[in-house]
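One-letter residues, chain by chain:
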Amino acid sequence: MTWRRRRYHGRDLSRALSIEDLRQMAMRRVPNFVFEYVEGGAEDEQALKHNREGFSALRLAPRTLVDTSGRHMRTTIFGRESASPLVIAPTGGNGILQARGDLQLAHAAGQAGIPFTLSTVSTVPLEQVAREVTGRHWMQLYVMENRKVAEDIVTRADAAGYEALVFTTDANVFGLREWDRRNYAAPGRPTWRNLLGMLGHPRWTWEVMLRNGIPQFENLKNFLPPGAANAVGGSTILPKLFNTPISWADVQWLRRLWPRKLLIKGVLNVADAERAAAAGCDGIVLTNHGGRQMDHCVSALDMLPEISARMGSQLTLVVDGGFRRGTDVVKALCLGADCVMLGRATLYGLGAGGQAGVTRALEILTGEIDRCLGHMGVNSVAELNPGLVRRV
Ligand SMILES: Cc1cc2nc3c(=O)[nH]c(=O)nc-3n(C[C@H](O)[C@H](O)[C@H](O)COP(=O)(O)O)c2cc1C
């Protein structure tokens, strides 16, 4: 005898029980080349795979007979209370999953009481997000060859009241996502097969491509040549723009320019963490860019214990890469992370059902964190410590 296990295949978000359920829903709702853009990693996708494997190598070691009926997951990030130790990561081109996807992610984050990070290559202008969405907003920055672009973004984000600037340092040599690239005949131009694939997704085609016009990199419009602001095939258009050396001199420059919290996203080395603190940064994001940049890269989780032991008291430590379960989040907090950024997990929600889908993704994850804290015998995330995990 065998039994059959089937996931729910409909559109009712309340029936999605896991991030994987939302991933499957999103996969059906958007054309293949859009899903590939979100899903894939660089080259052989070893870094991408490794991000998930890291969680399997860690096991949770609970305490028992603890009354956890009063447990909560509130925490403090940059001196302000957050409803949970989660932050939405910056992801570019969100508008190709859902029209005005950045707004939907930001609204869901605001309602969940957590910060939202807007990408430099968003498809909604940074001012509109700040104006229309109540909540904590962080601005991600790519520094391109023309430093005027970065200066423009920083000045506008300051004027719009963004709380933090997140300087991404791991994409100026752009990773080659081969499976994504294969979907395009030329930069920004999907192959005929992929264009035909849009016919199988009329709702997406109407909502994303026709009704509101093809999504554009709205923050960069004044600087990009005509045609280059088109967000379809972003990862085939951006490599050229990003291809410029950046250095610690840029960090010093940004520190002078930006008055509020400054983070470097792309730190995976203790010496770089020390240098970030010395340069006046407030935090770092330990990340390998979701396995989309350098293949065979270590994961944030690999480096977290070492960096936390040395720099945890001086810098806010944000980690990301492969977080799909509440237990993943709890493991990282045990190892010294202050909070976790969500990339694909909330994008799956966005693809599956817009803002309601993102809200569902956050509900699923916070439900899992809550249960995990209860199982671990702790009443708050502040009680998590390295003694509560084992590497197996
Ligand atoms: C579709 C997509 C677009 C991304 N765009 C950006 C971006 O514009 N800026 C940035 O700093 N990181 C970007 N990232 C990386 C994320 O911020 C984050 O580091 C990564 O997604 C975390 O891994 P996860 O997706 O497994 O959670 C992107 C990731 C994805 C999946």
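Quantities reported herein were computed from a predicted structural model and do not represent experimental measurements. (Residues numbered from 1 in each chain as written. Predicted model: local features only at pLDDT ≥ 70, side-chain atom pairs only at ≥ 80, totals over all residues.)

### Topic: the site of the ligand
Contacts to the ligand come from 25 residues, most closely from Gly92, Ser119, Gly290, Gly343 and Arg344. Within the residue set of the shell around the ligand, elements represented by two or more residues are helix H2 (32-39), strand E13 (339-342) and helix H15 (344-376). Grouping the constituent residues of the shell around the ligand by class yields 9 nonpolar, 12 polar and 4 charged. (Near = placed C-beta within 6 Å. Helix = DSSP H or I, 4+ residues; strand = E, 2+ residues; numbered from the N terminus. Nonpolar A, V, L, I, M, F, W, Y, C, P; charged D, E, K, R; others polar.)

### Some words on the nonpolar core
Buried together is how nonpolar side chains tend to be arranged in soluble globular proteins. Membership of the largest hydrophobic core comes to 112 residues, with the highest contact counts inside it found for Met139, Leu141, Leu165, Leu263, Ile284, Leu286 and Val340. With 14 residues, H15 is the single largest residue contributor to this core. Excluding residues that lie within four positions of it along the chain, Leu165 makes contacts with Met139, Leu141, Val154, Ala157, Leu254, Trp258 and Leu262. (Core = buried A, V, L, I, M, F, W, Y, C linked by C-beta atoms within 7 Å. Buried ≥ 20, exposed ≤ 12 C-beta atoms within 10 Å, placed from the backbone. Contact = placed C-beta atoms within 7 Å.)

### Section: the packing of helix H14 (residues 326-334) against H15
As a packed pair, H14 and H15 sit with axes 7 Å apart at the nearest point and diverge in direction by 60 degrees. Considering their axes alone, H14 and H15 lie oblique with respect to each other. Viewed along their axes, H14 and H15 form a crossing whose handedness is right-handed. Contact residues: H14 offers Gly326, Thr327, Val329 and Val330, while H15 offers Leu365, Glu368, Ile369, Arg371, Cys372, Leu373 and Met376. Classifying every residue of the contact of H14 with H15 by side-chain character gives 7 nonpolar, 2 polar and 2 charged. (Axes fitted to C-alpha atoms, helices over the stretch in contact; angles between N-to-C directions. Parallel < 35°, antiparallel > 145°, perpendicular 65-115°, else oblique. Left-handed = near helix turned anticlockwise from the far one by under 90°.)

### Some remarks on the environment of Pro190
Relative to the helices and strands, Pro190 resides in strand E9 (residues 189-190). The class for Pro190 is buried, based on 21 C-beta atoms found within 10 Å. For the pair Pro190 and Phe33, spaced 157 residues apart in the sequence, the C-alpha separation amounts to 7.9 Å. Ignoring any residue separated from it by four or fewer positions in sequence, one finds Pro190 in contact with Phe33, Asn183, Tyr184, Leu195 and Gly233.

### A closer look at helix H6 (residues 147-159)
Taking 1.5 Å per residue as the helical rise, H6 with its 13 residues ought to reach 18 Å, and the 18 Å between its terminal C-alpha atoms agrees with that figure. For H6, the set of buried residues is Val149, Ala150, Ile153, Val154 and Ala157. All buried residues of H6 fall inside an arc of 130 degrees around its axis, so they share one side. Opposite the packed face of H6, turned more than 90 degrees from it, sit the exposed residues Lys148, Thr155 and Ala159. Buried residues along H6 sit in contact with helix H5 (126-132), strand E6 (137-141), strand E7 (164-168) and helix H11 (248-257). (Expected span 1.5 Å × (residues − 1). Arc of directions from axis to C-beta.)

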